[in-house]
Amino acid sequence: MDGIDFTSFMQIWRSSDGQTLWLASATPLLLLMGLALDWLIGDMRWLFKFLPHPVVIIGKLIGFLDKKLNREGRGDINRTVRGAVVCVFVTLTAAGAGWGVQFLTRQHPSGWMAEVLLVAILVAQRSLAGRVRDVGRALGKNDLLKARDNLRHLVSRDPDKLDRHGVGRSALESLAENFSDAVVAPAFWFLLLGLPGLFAYKAINTMDSMIGYKTDRYISFGMTAARLDDAVNWIPARIAGLIFVIGAAFAPGGNPARALKVMVRDARKHASPNAGWPEAAMAGAFDMALGGPRVYPGGLSKAIWIGDGKARLEAGDVRRGLALFVVGCGLLWLLVAPLAIYSLAG
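What you are looking at is a predicted structure, and each value in this text was computed from that prediction instead of being measured. (Residues numbered from 1 in each chain as written. Predicted model: local features only at pLDDT ≥ 70, side-chain atom pairs only at ≥ 80, totals over all residues. Heavy atoms only, no water.)

## Thoughts on the overall build of the protein
And step 1. Helices and strands together make up the secondary structure of the protein, namely 12 helices and six strands.
And step 2. By the burial criterion, 50% of the 346 residues in the protein qualify as buried.
And step 3. A separation threshold of at least 6 residues defines the contact pool for the protein, and within that pool the share at least 24 residues apart is 69%.
And step 4. About 16,600 Å² of surface is accessible on the protein, with carbon and sulfur atoms providing 64% of the total. (Helix = DSSP H or I, 4+ residues; strand = E, 2+ residues; numbered from the N terminus. Buried < 20%, exposed > 50% of the residue type's maximum accessible area, 1.4 Å probe, protein only. Contact = heavy atoms within 4.5 Å. Areas by Shrake-Rupley, 256 points an atom, 1.4 Å probe, with all protein chains shown as cover.)

So this is what it looks like as structure tokens:
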């Protein structure tokens, strides 16, 4: 690394009054380090025995506002307006908190460590892979009860009504969708807007997971949350799908041409404008059929099949999907790496 000392490596500069500040161009490097840290140590449950997780804090705020503003007896328009106000308030509060933390970290020469840690906390590569791996292992041991129990950490549908093939499909659908929502999208918004973008994205995604449902209680109140989540995931979902298409060339048994064909053909069949892209790419990569009818706590959802291959998935299919996820995470790192190198050279 000729010509690059530790100071330039950390992208630090000093203002006229001698105060140490961070350059915004350090963001790609911080992202790359955060992704690597997350893969090494996972979700750090030990840390959150002592400290509240940022998403838990956001969730408590959303829950409080839901309880106060989304009361029975109010009309649909009233609930829609209140839900929109909640979205604006929570998103701006999260972005403001992100800006405040970023401002503080970039005043100190060791502040980069806090940003790297926050990125590692707010992306979910290793934890997601671990949960899907647990489902696959239970299926491999023919322990359907354990597989269903492990699946509860990944999906909102009722695992007790799924057979072993339904459990396998659900695990891979969740893996594909969360590659976009929990890995690519947080990385995208951090790269674009730093900690304010990352915090705001996690707030929007949490609102969607808590109030963005088409139930009697939330169809009006949560409408803005659902639409906002669709908007902020639009680009990341398509990036995630393309990463899976490329990754299929390196994953055992993957077929990139078929992944691209199925993604282009079937992505829009999904009820979500975004989830279908990585799901269809994964289905095509291994000639699977994902989606289809499924049981939720509220009843049966008659979803359309994505892909036209094998639907009776087994433990080996879960392993293949997990291999594509791992390759996809590696490709994401490779996409960020040139930007990090450029920021070092700059």
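## A look at helix H7 (residues 144–151)
And step 1. Among the residues of H7, those classed as buried are Ala147, Arg148, Asn150 and Leu151. Viewed end-on, H7 has its buried residues packed into an arc of 160 degrees, placing them on one side of the element.
And step 2. For H7, the secondary structure elements touched by its buried residues are helix H6 (126–140) and helix H8 (164–211). (Arc of directions from axis to C-beta.)

## A look at the packing of aromatic side chains
And step 1. A complete count under the given rule lists four aromatic pairs for this structure.
And step 2. Relative to Trp189, the ring of Phe188 has its centre 5.1 Å away and its plane inclined at 90 degrees; by these criteria the two rings are edge-to-face.
And step 3. Of the residues examined, Trp189 reaches a relative accessible area of 18% and is grouped as buried.
And step 4. Each member of the aromatic cluster is reached from another via a ring pair, and the members are Phe179, Phe244 and Phe325.
And step 5. Sitting above the plane of the Trp234 ring, Arg238 keeps its charged end 3.9 Å from the centroid. (Phe/Tyr/Trp six-rings, centres within 6.5 Å; stacked < 30°, edge-to-face > 60°. Lys NZ or Arg CZ within 6 Å of the ring centre and 35° of its normal.)

## Quick notes on the nonpolar core
And step 1. Formed by 85 residues in total, the largest nonpolar core has its most connected members in Phe179 and Phe325.
And step 2. The greatest single-element share of this core, amounting to 20 residues, is contributed by H8.
And step 3. Once you skip the residues sitting within four places of it in the chain, Phe179 turns out to touch Leu128, Val184, Ala240, Ile243, Phe244, Phe325, Gly328 and Cys329. (Core = buried A, V, L, I, M, F, W, Y, C linked by side-chain atoms within 4.5 Å.)

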